[in-house]
Amino acid sequence: MTRDLDRILDYVAALQALDTEGIEPTSHPIPVPTPLRPDGAAQPLDPALAVSNAPEAAGTAFAVPKVIDSEDEG
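Figured I'd write up the structure that's included with this text. (Residues numbered from 1 in each chain as written. Predicted model: local features only at pLDDT ≥ 70, side-chain atom pairs only at ≥ 80, totals over all residues. Heavy atoms only, no water.)

Further remarks concern the overall build of the protein chain. On a plain count of helices and strands, the protein chain comes out with two helices and two strands. Computed over the C-alpha atoms, the radius of gyration of the protein chain is 25 Å, more than 25% above the 11 Å expected from 2.2 N^0.38 for a compact globule of 74 residues. If one aligns the C-alpha atoms of the protein chain with their principal axes, the spans along those axes are about 60 × 45 × 25 Å. Burial status across the protein chain gives 3% buried among its 74 residues. Surface summary for the protein chain: the accessible area is close to 7700 Å², and the carbon and sulfur share equals 58%. Taking the average place of the 4 positive charges on the side chains of the protein chain and the average place of its 13 negative ones, the gap between the two points comes to 8 Å. (Helix = DSSP H or I, 4+ residues; strand = E, 2+ residues; numbered from the N terminus. Rg over C-alpha atoms; globule rule 2.2 N^0.38 Å. Buried < 20%, exposed > 50% of the residue type's maximum accessible area, 1.4 Å probe, protein only. Areas by Shrake-Rupley, 256 points an atom, 1.4 Å probe, with all protein chains shown as cover. Lys, Arg positive; Asp, Glu negative; His and termini not counted. Charge placed at Lys NZ, Arg CZ, Asp CG, Glu CD.)

Attention shifts here to the environment of serine 52. Within the fold, serine 52 resides in the loop between helix H2 (47-50) and strand E1 (57-58). The exposure class assigned to serine 52 is partly exposed, which follows from its relative accessible area of 45%. For serine 52 and leucine 5, which are 47 residues apart along the polypeptide, the C-alpha to C-alpha distance reads 47 Å. Separated by 2.8 Å, the side chain of serine 52 and the backbone oxygen of leucine 49 make a polar contact. (Polar contact = N/O pair within 3.5 Å; in protein donor to acceptor, adjacent residues only side chain to side chain.)

Turning next to the environment of alanine 58. Among the secondary structure elements, alanine 58 is positioned in strand E1. When its relative accessible area of 51% is taken as the criterion, alanine 58 is described as exposed. Separated by 13 residues in sequence, alanine 58 and leucine 45 have C-alpha atoms that sit 17 Å apart.

For the rest of this paragraph, the subject is a nonpolar patch on the surface. A cluster of nonpolar side chains, contributed by Leu5, Ile8, Leu9 and Val12, occupies part of the molecular surface with about 350 Å² of accessible area. Turning to its location among the elements, leucine 9 is positioned in helix H1 (residues 2-16). Judged by its relative accessible area of 49%, leucine 9 falls in the partly exposed class. (Patch = residues over 30% accessible without salt bridge, like charges linked within 9 Å, V, L, I, M, F, W, Y side chains within 5 Å. Salt bridge = Lys/Arg side-chain N within 4 Å of Asp/Glu carboxyl O.)

Spelled out as structure tokens, the structure:
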């Protein structure tokens, strides 16, 4: 693990040595458009359809195993 950490730190040092003056943090070597969809209201998904492929459902809710114990139990 020490060897891996040393390699990571060496890489960070190499990155810090680069001259990044005038380079925007989010620059990209080629223009990449970000397609946006119109932000508008749409009909909600039918709850029964939403859980139709779920491994387990309780009515229109996804049924999942309990993963957090209460403070009294833990």
